[in-house]
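Listed below, chain by chain, are the residues.
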Amino acid sequence: MTAETSSENTRWVRVCAVGDLGDDDAVRLDSSPPVSVFKSNGEYFGVDDTCTHETYSLADGWIEDCVVECPLHMAKFCLRTGRPLSPPATTAVRTHPVRTESGDIHVGLPDSYELKEGARCGTA
Ligand code: FES
């Protein structure tokens with residue numbers, strides 16, 4: 001099964017222009033639940049934005065080598081898999097597919113995720 005055929009229940013949402021997201025930076029989408037797209041080492045990653053330890057935005061965290069560190073209690077998450085790499089978080093964050101098309105970054109959201117204000121995004 002390819003990524004494209006597994007997207008039956010995935011809605012592709014424009015996040016921002018490729019040029020608007022620098023390396024080791026993130027953009028938070030105005031969705032419920034919130035989702036952020038990260039860029040690190042030249043790759044893009046989509047993950048649920050809320051830390052699984054407590055409620056805090058991972059887009060505000062420290063990003064390096066495809067890992068994000070939550071700024072509140074320093075839990076680290078692998079952006080590729082969503083798995084926690086250090087305590088206090090023990091639960092993975094959900095990951096989402098990301099693709100670039102015509103100079104824009106798009107993230108694939110499950111149908112159950114709502115966009116609060118269309119496809120508008122906020123800079124983390
Ligand atoms: S809220 Fe993220 S580590 Fe505690």
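None of these values were measured; they are calculated from a predicted model. (Residues numbered from 1 in each chain as written. Predicted model: local features only at pLDDT ≥ 70, side-chain atom pairs only at ≥ 80, totals over all residues. Heavy atoms only, no water.)

Right, let's get into the overall build of the protein. Secondary structure summary: the protein contains zero helices and 14 strands in total. Secondary structure elements of the protein, listed N to C terminal, follow the sequence β-β-β-β-β-β-β-β-β-β-β-β-β-β. By the burial criterion, 39% of the 124 residues in the protein qualify as buried. On the protein, roughly 6500 Å² of surface is accessible, and the fraction owed to carbon and sulfur atoms is 47%. (Helix = DSSP H or I, 4+ residues; strand = E, 2+ residues; numbered from the N terminus. Buried < 20%, exposed > 50% of the residue type's maximum accessible area, 1.4 Å probe, protein only. Areas by Shrake-Rupley, 256 points an atom, 1.4 Å probe, with all protein chains shown as cover.)

What follows deals with the environment of Glu-69. Inspection of the secondary structure assignment puts Glu-69 in strand β7 (residues 67-69). A relative accessible area of 22% means that Glu-69 is categorised as partly exposed. A C-alpha to C-alpha distance of 9.4 Å links Glu-69 and Leu-85, two positions 16 residues apart in sequence.

A sheet is described by the order of its strands in space; here three strands give the open sequence β1-β12-β11, paired in antiparallel fashion. What marks the edges here is a single partner per strand, and that holds for β1 (10-17) and β11 (98-101). Geometrically, the sheet is characterised by an average inter-axis angle of 35° between neighbouring strands, direction not taken into account. Bridge count for β1 against strand β12 (residues 104-110) is seven bridges, and the pairing is antiparallel. Each residue of the ladder has a partner; that of Cys-16, found in β12, is Ile-105. (Pairing = 2+ DSSP bridges. Axes fitted to C-alpha atoms, helices over the stretch in contact; angles between N-to-C directions.)

This paragraph deals with the confidence of the model for the protein. When the pLDDT values of the protein are averaged, the result is 90; 87% of them are 70 or greater. Note that pLDDT drops below 50 for residues 1-7; the model gives that stretch three contacts with residues more than four away or on any other chain. pLDDT under 50 marks residues 118-124. Its contacts with residues more than four places away, or in other chains, come to 18 contacts. (pLDDT = per-residue confidence, 0-100. Contact = heavy atoms within 4.5 Å.)

We now examine a negative patch on the surface. A surface patch of negative charge is lined by Asp-23, Asp-24, Asp-25, Glu-64 and Asp-65. With respect to the helices, strands and loops of the structure, Asp-65 is situated in the loop between β6 (62-64) and β7. (Patch = residues over 30% accessible without salt bridge, like charges linked within 9 Å, V, L, I, M, F, W, Y side chains within 5 Å. Salt bridge = Lys/Arg side-chain N within 4 Å of Asp/Glu carboxyl O. Lys, Arg positive; Asp, Glu negative; His and termini not counted. Charge placed at Lys NZ, Arg CZ, Asp CG, Glu CD.)

Residue placement: His-73 occurs in the loop between β7 and β8 (76-78). C-alpha of His-73 to C-alpha of Pro-88: the two residues are 15 residues apart in sequence and 7.1 Å apart in space. Once residues within four sequence positions are removed from consideration, His-73 is found in contact with His-53, Glu-54, Pro-87 and Pro-88.

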